[in-house]
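# Observations on chain architecture
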Amino acid sequence: MALIALAADKGSPGVTTAAVALAAVWPRRVLLAETDPAGGDLVYRSAAAHGGPLNPNVGMLSIAATARRGLVPDQLWDHVQPLSGGLEVLVGLGVAEQAAGLAGLWPTLGHAFASLADSPNASADVIADCGRISGDTPAVELFPHASLVLLVSRTEPESIARVRDRAAALSAKLHGGPRGAASLATPVIGVVLVADPNTAGKVSGQVNDMLVHAQTGARVVGTIADDPAGSEQLAGRRRGRLDKSLLIRSARKVTADLYQQYGAAWAVSAQAHQAHQAQQAPQGQQTSQAPQAYQGGQAAPQQSHQGQMNGQPGAGR
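Below or above, wherever it landed, is the structure these notes cover. (Residues numbered from 1 in each chain as written. Predicted model: local features only at pLDDT ≥ 70, side-chain atom pairs only at ≥ 80, totals over all residues. Heavy atoms only, no water.)

## Considerations on the overall build of the protein
Each helix and strand in the protein was counted, giving 8 helices and 8 strands. With 317 residues in all, the protein has 51% of them scored as buried. Sequence-distant contacts, at least 24 apart, represent 78% of the contacts inside the protein between residues at least 6 apart. (Helix = DSSP H or I, 4+ residues; strand = E, 2+ residues; numbered from the N terminus. Buried < 20%, exposed > 50% of the residue type's maximum accessible area, 1.4 Å probe, protein only. Contact = heavy atoms within 4.5 Å.)

Written out as structure tokens, the structure is:
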């Protein structure tokens, strides 16, 4: 299982930019889900694969009615739209008021997102852009189903202080209390810093020491380059070799590090889940078949993640 949830404590540190950049270079098939209860941005800033605008009614808004009747992971693909660069996206809500339609459904969504990696038909990891969170934000209900929760922060002192406190609060909520670096629990809580590439190494070390000393249960897992030009290219508002930008190069480094550390554990989890399904299936039933409850349309076609870099995969905030 691999649901990776990205969020921020306050302000606009670049959660959507980080989520799109990581998804664009993810080493497996990936679904980018805009799960911010305050509403998504991609429908306003990104073009669909057909060259026109994304449909704001297909995504989190349309999935609400489906989820109330139960949600099989493969059904997620019925609500997905491809961006012009090939990245597959579950478009977010248009306005915060629409979040009322998802009341009580966030755990169902979290389970479906996490289980999509184990689908025998169209498996994918899910990167969820949860936006800004607080204690009562419903998107937090996705976190218990995640393999990894990434808090995105800039490096100003007040931002670092907030991410430290938010990490400690999440650790208490998800793990039952503060934990040291040697006793990390699931989901792992990580911090991704948006930093000047010239000082990223030094700053990340200092912030990591602070997180460990404060027994937040979190640690710095990587840095995303503070690259305004790359962000503009990612949003399709500026020409250039996006794959050569500092933003994308740093995103590749983060994804490589994450998969080096956690990829084996995710693979073992997926294999264990599939083995459990096989044991539970009646004799003669092939577990590679689509679940009978899934009667929806075709899943999105398989695409190489590298194709996502040939266009403009999305937008950031």
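## Considerations on the nonpolar core
Core analysis: the biggest nonpolar cluster contains 50 residues, and Leu109, Phe113, Phe143 and Leu151 have the highest contact counts within it. If sequence neighbours within four positions are ignored, phenylalanine 143 has contacts with Ala5, Ala7, Cys130, Ile133, Val149, Leu170, Leu174 and Pro187. Grouped together as the second largest cluster of nonpolar side chains are 41 residues, Ala19, Val91, Val221 and Leu242 included. (Core = buried A, V, L, I, M, F, W, Y, C linked by side-chain atoms within 4.5 Å.)

## Digging into helix α3 (residues 60-67)
Residues separated by three or four positions in an α-helix point in the same direction, a consequence of the helix having 3.6 residues per turn. Most of α3 is tucked away: 6 of the 8 residues are buried. If you check which residues of α3 are buried, you get Met60, Ser62, Ile63, Ala64, Thr66 and Ala67. Where the residues of α3 are buried, they touch β2 (30-34), β4 (88-90) and α4 (106-115).

## Brief notes about the pattern of salt bridges
For the coordinates displayed, the defined rule picks out 9 salt bridges. The salt bridge partner of aspartate 243 is arginine 241, with a shortest N-O separation of 2.9 Å. (Salt bridge = Lys/Arg side-chain N within 4 Å of Asp/Glu carboxyl O.)

## Notes on the packing of aromatic side chains
In this structure the tally under the stated criterion is 1 aromatic pair. Measuring from centroid to centroid gives 5.3 Å for tryptophan 26 and tyrosine 259, while their planes differ by 75°, and the two rings are edge-to-face. Separated by 233 residues along the polypeptide, tryptophan 26 in the loop between α1 (15-24) and β2 and tyrosine 259 in helix α8 (residues 246-280) bring together distant segments of the chain. Owing to a relative accessible area of 0%, tryptophan 26 belongs among the buried residues under this scheme. The positively charged end of arginine 29 is found above the aromatic ring belonging to tryptophan 77, 4.1 Å away from the centroid. (Phe/Tyr/Trp six-rings, centres within 6.5 Å; stacked < 30°, edge-to-face > 60°. Lys NZ or Arg CZ within 6 Å of the ring centre and 35° of its normal.)

## Looking at α1
Along α1, 10 of the 10 residues are buried, which leaves the element largely enclosed by surrounding structure. Along α1, the residues that are buried comprise Val15, Thr16, Thr17, Ala18, Ala19, Val20, Ala21, Leu22, Ala23 and Ala24.

## Quick notes on the sheet that holds strand β3 (residues 81-82)
Across the sheet, 8 strands lie side by side as β3-β4-β2-β5-β1-β6-β7-β8; this open sheet has mixed pairing. Sheet topology places β3 and β8 (218-225) at the edges, where each strand pairs with a single neighbour. The strands touched by α1 are β1 (3-8), β2, β5 (125-132), β6 (148-154) and β8; relative to β5, the strand with the most contacts, the crossing angle is about 170°. Of the strands in this sheet, β7 (188-195) and β8 touch helix α6 (residues 200-213), which is tilted by about 160° from β8. (Pairing = 2+ DSSP bridges. Axes fitted to C-alpha atoms, helices over the stretch in contact; angles between N-to-C directions.)

## A word on the environment of asparagine 57
Along the chain, the position of asparagine 57 falls in the loop between α2 (42-45) and α3. A relative accessible area of 48% means that asparagine 57 is categorised as partly exposed. Distance from asparagine 57 to histidine 79, taken between C-alpha atoms, is 9.2 Å for residues 22 residues apart in sequence.

## Description of the pairing of β7
Of all 8 residues in β7, 8 are buried; the element is thus mostly enclosed. Where β6 lies against β7, 7 bridges are found, and the strand directions are parallel. Opposite valine 149, over in β7, you have isoleucine 189 as the bridge partner. Note: β7 against β8, 7 bridges, orientation parallel. Bridge assignment links valine 191 to a residue of β8, and that residue is valine 220. You can see the chain leave β7, run along α6 and come back into β8, and the turn it takes is right-handed. (Right-handed = clockwise from strand over helix to strand, strands pointing away.)

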